[in-house]
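Structural features, examined
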Amino acid sequence: MTPLEVVTPTAASGLFGLAWLLIALPLAGALVLLLAGRFADAWGHLLGTLMPIGSFVLGVVLFVDLLGREEGARAVGVPLYRFIETGGWRIDAGLLVDQLSILFVLLITGVGSLIHVYSIGYMAYDPRRRRFFAYLNLFVAAMLILVLADNYLVLFVGWEGVGLASYLLIGFWQHKPTAATAAKKAFVVNRVGDMGMVLAIMLMLATFGSSAFVDVDAGAGEMGGTVATVMGLLLLLGACGKSAQVPLQSWLLDAMEGPTPVSALIHAATMVTAGVYLVVRANAVFTHTEVASTAVVVVGTVTLLFGAWIGCAKDDIKKVLAGSTMSQIGYMLLAAGIGPAGYAFAIFHLLTHGFFKANMFLGAGSVMHAMDDDVEMRRYGALRRALPITFATFGLGYLAIIGFPFLSGYYSKDHIIEAAFEHNVVVGVLAMVGAGVTAFYMTRLMLMTFLGRRRWAEGVHPHEAPAVMTVPLVVLAAASVVGGLVLNNWIEGWLAPAVRAEAHEASLLHFTPVAAVTLLLVAGGVALAWVLFGRRGVPQTAPSTRSPFVLAGRRDLYGDAFNEAVFMRPGQQLVRVLGRADETLVGGGWSATGDVLAGLSQVGRRLQNGFVRSYALTMVAGVGMVAVVLVLGRLA
Amino acid sequence: MSGQELAFWLLAPVMVLGAVGMVLARKAVHSALCLAAVMICLAIQYAALDAPFLFAVQIIVYTGAILMLFLFVVMLVGVDSDDSFVETLRGQRVFAVVLGIGLVVLLVAGLGNAVVTGPVGLTEANAQYGGNVQGLAALVFVRWVWAFEATSALLITAAVGAMVLTHRERLVPRRDQRTRAAERIRAYAETGRHPGPMPTPGVFARHNAVDTPALLPDGSVAEDSVSAPLRSRSRIRTPEELLAPMAQRHAEIAGDRQPDPAVGHQRDPRPGESVAEQGAALKASQRTQRTRGEDLSDEERI
Amino acid sequence: MEPSYYLVLSAMLFTIGAVGFMVRRNAIVAFMCVELMLNACNLALVTFSHAWGLLDGQVASFFVMVVAAAEVVVGLAIIVSIYRTRRSASVDDANLLKF
């Protein structure tokens, strides 16, 4: 195998020396908000919103600077400090601003800022709003560490940071037992993935003696095939945990217990895409292992269908969107698994998905806001009049996700499907079917929410959200519409050096048979949904059914049941047996010893009778014994 | 027989007897006096062992200061009563004696073997600095100066500690003579208690000591006429004892019958007067007076 | 004269003191017994000093006296304050600190 070209970052100069501010600003915001306490209640949300906006401005400036550079100088390394120095290990913490990470910076800070603004309105009546913004800032900082790190170990710091922020935010309404449980579940499932990450990083350190991107890229050519496969599979495990891919998908649906802006920012636009980022970033490893790459493709494809299936069966608007998120990330992972041909498409879809999914989640938040926090779509209906702005923006996001021509999803998803066909026909067909299913369940969502009859609960009076919430919706809707057009011709060329791919010639009017069939499938999905839900109307309660497909979908395809049967129950049984063994054998032995000693003490304590003269007697007896021993010792 | 031997054999039995007496004496005062005897003998032993400085210190510090302190405290707390010699802890005395015998055997066996050669004597050591006191000074102020300084801290601490331990906060305002006088008069007004002094001790031909109680007109004892500590130790002479000689004289004068102590203290009732009535009235007045001894407030007791 | 005689005397005094402490209930007498034991030790120290021809024994004896003085002051103060609160100078009455 030919060694890959290693991109050596150029030294930071000028504004790039300030790249650390990208992370420091939101981090400082989080610290101030958390430490200032109630003192910051009045202005905390404003400060919390300003921080990511500041990072966004700085990110734009850096992006423009990169645009002006020649291709070879677009990867800038910003060394910060020595992270770990122990024995022979020296690990430096530094930032890497290159074509890939700057796009992520813009997505995170851009979408993040919009969601911060939105949250000002959404959380207006929450007494703990300041804390919410502190956590959001913490999340933005951790996510930026994740994407800006120049080293897998530093990346892992951000990886865990976003996990923490995700945990805190899912369980933000901790007074609800469901939220607390969901947070714990997300945390535990993520630990499984993190284990993979940790092992992968250890393997890197053992193999390359370093975990820096540069060293891993340089050494990747020389490592053995087995090592590469193991490393790739471990990284994939990490990616699965963070991106909610099969088999670690179960936490994402429950994570919808968090406030909706959290779902939009963390569980749609940014954090869950970290797995895709990881696979793309570790392209040097995956290039050298056919097995791991194939595994990525399989995982992506399975999750793509899995999420779509769940999306079809759910009546909870946020859970439908969550299933859709899983499905779309499956597309991205599929693209990333294809190899150099797919990296740019994965990132492209990631960006456009960030726009339209954030848009739709915020729209769902707006709907919930209007419907007194009800998430049950069967009690929606006919909201297009009550919520015109939300309807319009949501509709644009809907058109984008199903791949309506010339909107962003059309370009990004079509690229992936085409690449999948070039890679393997079966995968291509499945991806194409996924697109049709996507159209079906998203249409179902639209019909149940905004069209049809009103099925509102008693006393609900929908009203449009305030401007502070609708403006971000409008901005994101605009991005969903134009994102594809703007990025399509440019992104592949831009990312090519960073992901070592060769840019194809892309065209806005590119049209292939695959695209045509996909469009047909999408149209079929929309029509089917219309037939089933538009024309017939929607009952207010979920109809009972015997269809195994529907039942399985409603129960998350038995993901929880599987985990429960395979991991939880045997684990509990094991723990129970061990616990009993500990109680009876170990504990029993020790408590028996203790009981015996306690019994002896009960007898012995009678010596402690409070009479000083008795003590004196005992002392003299002791002195006598010592004297006897001494005398005997002399005689002996 | 040298002077040293003479001193030892004269004083050692005295010391042992004194020590045993200290342990066995029923009264703390006697114990203290026995201990004083032991200590003075010990001082002389020190002198015989070429330790003139310790001889002086033993007498001044131990016998003079410490034992006086003991006597002082005995006076404060312990003179009221004898110690009961009934042992309350089961087997304590037997075990104590057995252990004591064992201990002395072991100590004698151990110490007897400690010094095998004859005594070197301190003549040389004392001569080195020109005398025993100078030699001790050289050791105390040079070699053991830190220990010496530490003992000064110890003594200061002990002095402060003793003051803290025995200090009492005054909880009620002090009652001066004026308020007491007012209280007495008030008590007289309210309960009829006699405001004047308590009766003086009795004076008889044979006795005028403070433990001699005054007799009331009916021949019984006025208990208030003797001090409370004596009362509490039941050291009051009884009317029988006081009146016995007089009764005897009466009998001798009468010549024709034996004296009867049981009736000796009883005066013949005057005509028209009931003995019982008279006695009851007097007893009542005694009762009211007796309570006066209890009006001393707590802080004035010790 | 042989030091042993003094040592035996010292041992006897010490034992009498120890037995006295175990037997007597009056706190003041018990305290006197302790003093007697200290004095017995002093006698042994002075005897050893004389036997070996070194003054250190007398210095030790001197320090014992100083410590005994401090101890008597504090101990008697404790006895007095206990007597004031409990109206008793018996060591058996102060027996609350027990099992």
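We now turn to the structure provided with this report.

1. With respect to the packing of aromatic side chains
Throughout the structure, instances matching the rule amount to 25 aromatic pairs over all chains. Look at Phe53 of chain B and Phe62 of chain C: their rings are 5.8 Å apart centre to centre, the planes differ by 55°, and that puts the pair in the tilted class. With Phe53 of chain B in helix α3 (residues 52–78) and Phe62 of chain C in helix α3 (residues 56–86), this residue pair bridges two chains. Classification of Phe62 of chain C as buried rests on a relative accessible area of 16%. Members of the aromatic cluster, each reached through a chain of ring pairs, are Phe132, Phe133, Tyr135 and Phe172 of chain A. A cation sits over an aromatic face here: Arg128 of chain A above Phe172 of chain A, 4.6 Å from the ring centre. Its end group placed over the ring of Phe187 of chain A, Arg191 of chain A keeps NZ or CZ at 4.3 Å from the ring centre.

2. Examining the interface of chain B and chain C
At the junction of the two partners, chain B supplies 88 residues and chain C supplies 69 residues. Buried area between chain B and chain C, summed over both chains or domains, comes out near 7,100 Å², and the portion from carbon and sulfur atoms is 76%. Seen at the junction of chain B and chain C, the total is one salt bridge. Across the pair Asp56 of chain C and Arg143 of chain B runs a salt bridge, and its minimum N-O distance is 3.0 Å.

3. Some remarks on unusual backbone geometry
Of the consecutive residues Val246 of chain A and Pro247 of chain A, the connecting peptide bond is found in the cis state with omega at 10°. Position of Pro247 of chain A relative to the elements: it lies in the loop between α8 (225–243) and α9 (250–254). Even without being a glycine, Asp373 of chain A presents a positive backbone phi close to 60°. Examined against the element boundaries, Asp373 of chain A turns out to sit in the loop between α15 (340–370) and α16 (388–402). Residue class for Asp373 of chain A comes out exposed when judged on its relative accessible area of 52%. Despite not being glycine, Asp50 of chain B shows a phi value in the positive range, around 60°. Tracing the sequence through the fold places Asp50 of chain B in the loop between α2 (28–48) and α3.

4. Some words on the side chain of Thr49 of chain A
Residues and elements named next belong to chain A. In this fold, Thr49 is placed in helix α2 (residues 44–67). The buried category is assigned to Thr49, whose relative accessible area is 6%. Here the side chain of Thr49 touches His45 through a polar contact of 2.6 Å, landing on its backbone oxygen. Excluding anything up to four places from it in sequence, Thr49 contacts Ser113, His116, Val117, Ile120 and Phe133.

5. Thoughts on the sheet that holds strand β2 (residues 76–86) of chain A
Residues and elements named next belong to chain A. If you walk across this open sheet you meet the three strands as β1-β2-β3, and the pairing is mixed. In this open sheet, the two strands that pair with only one neighbour each are β1 (10–11) and β3 (89–97). Sheet topology places β2 next to β3; nine bridges connect them, and they run antiparallel. Bridge pairing in β3 links Val76 to Val97.

6. Describing helix α13 (residues 290–313) of chain A
What sets the pattern is the α-helix's 3.6 residues per turn: residues three or four places apart point alike. Along its 24 residues, α13 of chain A runs 35 Å from first to last C-alpha, staying within 8% of the 34 Å computed at 1.5 Å per residue. Counting buried positions along α13 of chain A yields 17 of 24 residues, so the element is predominantly enclosed.

7. A word on the interface of chain B and chain A
At the interface, nine residues of chain B touch eleven residues of chain A. Note on chain B versus chain A: buried area summed over both sides is about 880 Å², and carbon and sulfur give 74% of it. For the chain B face of the interface with chain A, the top three residues by lost area are Leu89, Leu99 and Leu106 of chain B, together amounting to 53%. The tally of links from chain B across to chain A stands at one salt bridge. The partner of Arg613 of chain A in a salt bridge is Glu87 of chain B, with the nearest N and O atoms 3.0 Å apart. Across the contact surface, chain B and chain A share two residue pairs in polar contact (both at pLDDT 80 or more).

Rules behind the numbers
Residues numbered from 1 in each chain as written. Chains lettered and ligands numbered in written order. Predicted model: local features only at pLDDT ≥ 70, side-chain atom pairs only at ≥ 80, totals over all residues. Heavy atoms only, no water. Phe/Tyr/Trp six-rings, centres within 6.5 Å; stacked < 30°, edge-to-face > 60°. Helix = DSSP H or I, 4+ residues; strand = E, 2+ residues; numbered from the N terminus. Buried < 20%, exposed > 50% of the residue type's maximum accessible area, 1.4 Å probe, protein only. Lys NZ or Arg CZ within 6 Å of the ring centre and 35° of its normal. Contact = heavy atoms within 4.5 Å. Buried area = accessible area lost by both parts, 1.4 Å probe. Salt bridge = Lys/Arg side-chain N within 4 Å of Asp/Glu carboxyl O. Polar contact = N/O pair within 3.5 Å; in protein donor to acceptor, adjacent residues only side chain to side chain. Pairing = 2+ DSSP bridges. Expected span 1.5 Å × (residues − 1).

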